[in-house]
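Here is how the chains run, residue by residue.
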Amino acid sequence: MSDLWSYLATNGGDVLTALVQHIWLALLPVAIAFVLSLPLGALVHRYVPVRHIALTTGSVVYTVPSLALLLLLPGILGTSVLDPLNVVVALTLYSLALLVRTTADGLDAVDPTVLQAATAMGYRPVRRWFAVQLPLAMPVILTGLRVATVANVSMVSIAALVGIGGLGQLFTRGFQLGFYLPPIVLGLVLSVTLAVIADVLIVVLQRGLTPWSRAGAR
Amino acid sequence: MIEFEGVTKRYPDGTVAVDDLSLTVETGQITVFVGPSGCGKTTALRMINRMIEPTSGRILIDGDDITTRPEAQLRREIGYVIQGAGLFPHRTVLDNVATVPILKGVSRRDARSSALGLLERVGLTADLGDRYPAQLSGGQQQRVGVARALAADPPVLLMDEPFSAVDPVVRDDLQQELLRLQGELGKTIVLVTHDIDEAIRLGDKVAVLANGARPAQFAPPADILASPADDFVASLVGRDRGFRGLSFADGNEIPLKTIDHGVDGLTLEVDADGRPLGWRGPDGLLPTEGSFRDGANLRTVADLAILSPAGAAVRVDAEGRADGLVLLEDLAGNVRSQQRERLAALATSNSNGEAG
Ligand SMILES: Nc1ncnc2c1ncn2[C@@H]1O[C@H](COP(=O)(O)OP(=O)(O)OP(=O)(O)O)[C@@H](O)[C@H]1O
Ligand SMILES: [Mg+2]
């Protein structure tokens, strides 16, 4: 335990940098994927052929091991192996594969009679999308967002294996120092804490955005 | 007035749901489309607010072809109520009701405050306004659905099986409530149902539709009961149509006997205030089995007369004091002459129709 504190005292700055980088590398891809998944999910929901293509592509993306993807991307993107962009792109792809699916599922789950009622009341399509369809799909969409965020926080650690920052660096450091525990434990605790905080934040967001989804379940 | 002019709807798969329908819905009345499942009622109804476009023919509202107006604008002038209400689950009751006024540009605040008034109008308490639909009973949801359709005060109301999803007791309440509201509002209502009893109760005019929305009969409910146009209508109307038809006749048309009129050795006994106690005779005091007031229909009166040991229904005034008797034989004579008049009138109008 005292080892842990002394490690933190001497390497505090590095740990903090790694933590901040970890947060960026984990959350930026989720944010990008979330924004992209709304229109893409809508297309998947709406057009059957798009659905087949998108969901198959998504499954394939998911089966590519993350390490392999991180090593392949520089060749495809023309980036250097150490470029954090590789991680952002890789994780965006994973998140997108998940979020497009959950967005489409969320939209599928909206009661069609409610949408018809909206149309019959005089909603034009765009307004109906934002005022009725999207809010009603939100509970499922946010559940997807929650899974993607937590998964990203843990997957970023892999980036250290290809020499990119984040809390994973603490693991590689520990192994290089002959299974020296303090950085390993620290990395573990911090990344788990980060995942838990992200999870809680999304649950809070969910409660704030969709108070109605718990109504009636009393 | 809503006019269907030779309206046909053929779905892409070839199903002809509505086949050359021509029919006029009168302003300020409840017109009911009734018929078996799949006969095209919903399709016919939804063409009025352009949720479905006809394959051919046209629909006019107050003389104007509905296709001349933008869809969304047209729909905001037409209230729409569906089975199960179709409320927005993510909006509170008040916000649900305020929907169309807000779409029409009323401020959220004003729309919500008038929504509050509407809730009371449809028989809900104001404290339900902040609930979500999932926190209401089926009957309450349906009332909110009606309030939402009425919120922008549209002249026309379309209702597709509005009361099918609730139990019979609640349905009865809702039907009564609709008639009361319509008495106040006088909207042009088109209501779709597969329940002939509901059609007869609610309709000023009833269109009995066969497959392809072909009107087998389009007439006031009393006429449909008295004289179904064909076997299809007769089978749909079902049993007891003579007795059911009595509910459209006024119970006050029958000459009253005074309350001291004895029947077969029975005389009506009243208390000190004049309220009926029972029929006094050789077997002691027998029950009256109830009484009726001014405004009761003939079905109620006939029922009381049948149940009464004296064959006489007791009428009471507002204070509950007996003020007259309707005897079964007077009732029978009245029913006979009314039916004769009605059939004669229908026969004349039918032969005129055939001639013209
Ligand atoms: N979108 C559609 N595509 C193809 N056929 C349809 C479509 N909608 C309805 N139909 C068919 O058109 C006919 C009339 O349907 P409609 O929904 O108008 O009947 P309905 O009288 O309202 O029946 P119900 O009492 O069961 O609601 C039916 O045969 C139905 O199967
Ligand atoms: Mg229908």
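Just so it is clear, the structure is predicted and the values come from calculations on it, not from any experiment. (Residues numbered from 1 in each chain as written. Chains lettered and ligands numbered in written order. Predicted model: local features only at pLDDT ≥ 70, side-chain atom pairs only at ≥ 80, totals over all residues. Heavy atoms only, no water.)

**A short note on the overall build of chain A**
Put simply, the rule reads: Put simply, DSSP marks the helices as runs of H or I at least four residues long and the strands as runs of E at least two long, and each gets a number from the N terminus on. Working definition: with a 1.4 Å probe on protein chains only, accessible area under 20% of the residue-type maximum means buried, over 50% means exposed, and in between means partly exposed. Between two residues, a contact is recorded if the distance between any of their heavy atoms is within 4.5 Å.
Of the regular secondary structure elements, chain A holds eight helices and zero strands. Going residue by residue from the N terminus, the α and β elements of chain A occur as α-α-α-α-α-α-α-α. Along the first, second and third principal axes, the C-alpha set of chain A runs to 70 × 45 × 20 Å. Counting across all 218 residues of chain A, residues that qualify as buried make up 44%. Contacts in chain A between residues far apart in sequence, at least 24 positions, make up 74% of those at least 6 positions apart.

**Describing the site of ligand 1**
Residue and element names in this part refer to chain B. What counts, and what does not: Proximity is defined per residue: any heavy atom of the residue falling within 4 Å of a molecule or strand makes that residue near it. Any pair of N or O atoms that falls within 3.5 Å is considered a polar contact. Within protein, one atom must be able to donate a hydrogen and the other to accept it, and sequence-neighbouring residues count only if both atoms are side-chain atoms. Surface accessibility follows the Shrake-Rupley procedure with a 1.4 Å probe radius. Residue values consider only the protein chains on display as shielding. For this classification, the nonpolar set comprises Ala, Val, Leu, Ile, Met, Phe, Trp, Tyr, Cys and Pro, the charged set comprises Asp, Glu, Lys and Arg, and every other residue, Gly included, is treated as polar.
Taken together, the residues surrounding ligand 1 are Y11, D13, T15, A17, S37, G38, C39, G40, K41, T42, T43 and E161. Between ligand 1 and the protein, one listed contact pairs an oxygen atom with a backbone N or O atom of C39 at 3.2 Å. For ligand 1, an oxygen atom lies 3.0 Å from a polar atom in the backbone of G40. Here ligand 1 loses 61% of its free accessible area of 640 Å² to cover by the protein chains. In terms of residues, the shell around ligand 1 owes the most to one element, helix α1 (residues 41–48), which gives three residues. Of the residues in the shell around ligand 1, the class split is three nonpolar, six polar and three charged.

**Focus: the sheet that holds strand β15 (residues 312–316) of chain B**
Residue and element names in this part refer to chain B. Put simply, the test is: Strands are labelled as partners when DSSP assigns at least two bridges between them. Interaxial angles span 0 to 180 degrees and are taken between N-to-C directions of axes, which are lines fitted to C-alpha atoms, for helices over the stretch in contact.
Spatially, the three strands line up as an open sheet ordered β14-β15-β16, and their pairing is mixed. With partners counted over all chains shown, the strands left at the sheet margins are β14 (291–292) and β16 (322–327), one partner each. As paired strands, β14 and β15 are joined by two bridges and run parallel to one another. Paired with S291 across the two strands is V314, which belongs to β15. Here helix α12 (residues 298–307) sits on the sheet in contact with β14, β15 and β16, set at roughly 125° to β15.

**What about the sheet that holds strand β12 (residues 276–281) of chain B?**
Think of a sheet as strands paired side by side through backbone hydrogen bonds, with each pair either parallel or antiparallel. All names here are of chain B. With respect to topology, three strands assemble into an open sheet ordered β11-β12-β13, the strand pairing being antiparallel. Sheet topology places β11 (267–270) and β13 (284–286) at the edges, where each strand pairs with a single neighbour. Adjacent strand axes in the sheet meet at a mean angle of 45° when their direction is disregarded. For β11 and β12, the ladder comprises four bridges, and the chain directions are antiparallel. Pairing of E269 across the sheet is with G278, part of β12.

**Things to note about the side chain of S308 of chain B**
All names here are of chain B. Its place among the elements puts S308 in the loop between α12 and β15. Since its relative accessible area comes to 6%, S308 is described here as buried. For S308, the contacting residues outside a window of four places in its chain are W279 and T288.

**Some thoughts on the UniProt feature "domain: ABC transporter" (unreviewed entry) in chain B**
Defined as follows: UniProt positions are given in the numbering used here, feature names are shortened, and annotations may be inferred rather than shown by experiment.
The feature "domain: ABC transporter" (unreviewed entry), as given by UniProt, occupies residues 2–236 of chain B in the numbering adopted here. Taken end to end, residues 2–236 of chain B is 37% helix and 26% strand, and its first and last C-alpha atoms sit 26 Å apart.

**Describing the UniProt feature "transmembrane region" (unreviewed entry) in chain A**
Residues and elements named next belong to chain A. According to UniProt, the positions carrying the feature "transmembrane region" (unreviewed entry) are residues 20–41, 53–77, 155–172 and 184–205. Spanning residues 20–41, this segment combines 100% helix with 0% strand, and its end C-alpha atoms are found 30 Å apart. In this annotation, residues 184–205 is assigned 100% helix and 0% strand; the end-to-end C-alpha distance for the span is 32 Å.

**Overview of the domain arrangement of chain B**
Inclusion rule: For the domains described, the bounds stem from an automatic or database domain assignment.
What the domain assignment reports for chain B is domain 1 (2–238) and domain 2 (251–333). Placing the centre of domain 1 of chain B and that of domain 2 of chain B at their C-alpha centroids yields a distance of 41 Å.

**Quick notes on the UniProt feature "domain: ABC transmembrane type-1" (unreviewed entry) in chain A**
Within this numbering scheme, the UniProt entry marks residues 19–207 of chain A as carrying the feature "domain: ABC transmembrane type-1" (unreviewed entry). The span residues 19–207 of chain A is 84% helix and 0% strand, and its two end C-alpha atoms sit 28 Å from each other.

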